Each structure stands twice: as C-alpha cells, then as structure tokens.
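Observations on the model geometry
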Amino acid sequence: MRTHLDLFSGIGGFAVAAQACGYCTVGFCEKEPYAQQILKERFGAVLADTEKLQRNGGEHHTVCNSEKRGQIPELGNGGGPRLHSDIFTLNGADYAGVDLLTGGFPCQPFSVAGKQRGSADDRHLWPEMLRVIKECRPRWIIGENVAGFIKMELDNSISDLEALNYTVRAFVI
C-alpha cells in the first residue's frame, strides 16, 4: 500500500484524491477546528499526541491496511491517520518513507484578494512545508496555491525542491 501525508489538509480534498489513486493517508496537519472535525468524521483521524507517539516496528493497523511502512508512526487509537494541529511541531522524520506528500499551504501571502506581502507575511508557510519535506523525503510531492504564487514565489520554491534533488513540474490549472 502506498502512503500519503497531507499538510494544510483543509477538509481532506487531497486525501480523497489520494485514496482514489490507491494511497493510504497516514497523517494530516490542519489547525482549523472545523476542518479537524471533518477529518475525524470522514477519515477517522485521531489527534496526534506528540509526547506519546508510539512505534510498533514500523507496522501499524489502519483503516487502509496493515503492513510494513518503513518508519511511519503507529496511528491513533482508533486506527485512523494521525491528525497534527500545528505544522511548526510536526516532525517530518516520523513519516520518513511516505510515498506522497501533499499540501495546500496558505495562499493569503500571494492572493490578489490580500496584500500580497509574500514571504514578509507571517502566514507564509512554504518554509515549514519544505522543512517537513526535508525531514520525511517523500517520493512524490504535490503542492497547490493561487495564481499570485506563480509570480511571487514559484521560482524560489522550485529552487528549494531542486536543491533537494527533486525534479519539479509546475502546472497551471
């Protein structure tokens, strides 16, 4: 079974797509309480207790399957994916070996509806997504953002990923 880590998850759009493509979502990161509730209801997500993160030799039981998955943490008590509420404390190394990492990192710094402050905006969280990528080294990465991101930050993000030896393809949909 292929595994998926979903950052800035919202209500799980990437997880639905990943599941349709045969991936098992093993972790979410979402800070908004309403979205967290949806993730719990739709995916059986269990709040991560970072102080009591248990390991079981890389083997854990999920609603998807139970088989070896490298160093991915044991999932929550209910068998669902772990739900992290803070990108700043999520340890990507706990998800080392995950196949797919997705993230719709906050768009406000780049949106024409906002002030377009880019990296000067405190909601600019690409550096945190990049940190998690460095820590877990997924095989595939899918990031999404608004059109304003293209002119303000896309080149820097591509450079960041290429520095980690990823081949990057950007698509405008």
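Everything below is about the structure printed above this text.
Notes on the structure in this doc start here. (Residues numbered from 1 in each chain as written. Predicted model: local features only at pLDDT ≥ 70, side-chain atom pairs only at ≥ 80, totals over all residues. Heavy atoms only, no water.)

Along the protein, the regular secondary structure elements total 5 helices and 8 strands. Across the protein, helices and strands are ordered from the amino to the carboxyl terminus as β-α-β-α-β-β-β-β-β-α-β-α-α. Within the protein, the fraction of its 173 residues that count as buried is 44%. Taking contacts inside the protein between residues at least 6 apart in sequence as the whole, the part at least 24 apart equals 64%. (Helix = DSSP H or I, 4+ residues; strand = E, 2+ residues; numbered from the N terminus. Buried < 20%, exposed > 50% of the residue type's maximum accessible area, 1.4 Å probe, protein only. Contact = heavy atoms within 4.5 Å.)

The next thing to look at is helix 5 (residues 154-163). Residues of helix 5 that are buried include every one of Ser157, Ile158 and Leu161, and no others. The buried residues of helix 5 occupy an angular sector of 100° when projected down its axis, which confines them to one face. Exposed residues pointing more than 90 degrees away from the buried face of helix 5 are listed as Asp155 and Ala163. Asparagine 165 sits one or two positions beyond helix 5 and adopts a positive phi of about 70°. (Arc of directions from axis to C-beta.)

Packing of helix 3 (residues 126-136) against helix 5 leaves a shortest axis separation of 11 Å and a crossing angle of 15°. Relative to helix 5, the element helix 3 is oriented roughly parallel. In this structure, helix 3 meets helix 5 at a crossing whose hand is right-handed. Together, Trp126, Leu130 and Ile133 of helix 3 and Ser157, Asp160 and Leu161 of helix 5 make up the contact between the two elements. Residue classes in the contact of helix 3 with helix 5 are distributed as 4 nonpolar, 1 polar and 1 charged. (Axes fitted to C-alpha atoms, helices over the stretch in contact; angles between N-to-C directions. Parallel < 35°, antiparallel > 145°, perpendicular 65-115°, else oblique. Left-handed = near helix turned anticlockwise from the far one by under 90°. Nonpolar A, V, L, I, M, F, W, Y, C, P; charged D, E, K, R; others polar.)

In a beta sheet, neighbouring strands pair by backbone hydrogen bonds and run either parallel or antiparallel. Within the open sheet, the 6 strands sit side by side as 3-6-2-1-7-8. Their pairing is parallel. The open sheet has two edge strands, strand 3 (46-47) and strand 8 (140-143), and neither has a second partner. Pairing analysis gives 6 bridges linking strand 1 (residues 2-7) to strand 2 (residues 23-29), with the strands arranged parallel. Counted as the bridge partner of leucine 7 is cysteine 29 from strand 2. Along the sheet, helix 2 (residues 33-43) contacts strand 2, strand 3 and strand 6 (82-84); its crossing angle with strand 6, the most-contacted strand, is approximately 175°. (Pairing = 2+ DSSP bridges.)

Our next topic: the side chain of aspartate 99. Structurally, the position occupied by aspartate 99 is in the loop between strand 6 and strand 7 (100-103). Of note is the side chain of aspartate 99, whose polar atom sits 2.8 Å from the backbone nitrogen of threonine 3. Among all residues touching aspartate 99, those that are not within four sequence positions of it are Met1, Arg2, Thr3, Tyr23, Pro138, Arg139 and Trp140. (Polar contact = N/O pair within 3.5 Å; in protein donor to acceptor, adjacent residues only side chain to side chain.)

Another aspect to go through is the pattern of salt bridges. Considering all chains together, one arrives at 3 salt bridges under this definition. We note a salt bridge from aspartate 99 to arginine 139, for which the minimum N-O separation is 3.6 Å. Taken together, the residues span a long stretch of sequence, with aspartate 99 in the loop between strand 6 and strand 7 and arginine 139 in the loop between helix 3 and strand 8 at a distance of 40 residues. With relative accessibility at 59%, the residue arginine 139 sits in the exposed group. With a closest N to O distance of 2.9 Å, arginine 131 and glutamate 135 form a salt bridge. Remark: glutamate 135 and arginine 131 occur in helix 3; sequence separation between them is 4 residues, near one turn of the helix. Here glutamate 135 falls in the partly exposed class, since its relative accessible area comes to 28%. (Salt bridge = Lys/Arg side-chain N within 4 Å of Asp/Glu carboxyl O.)

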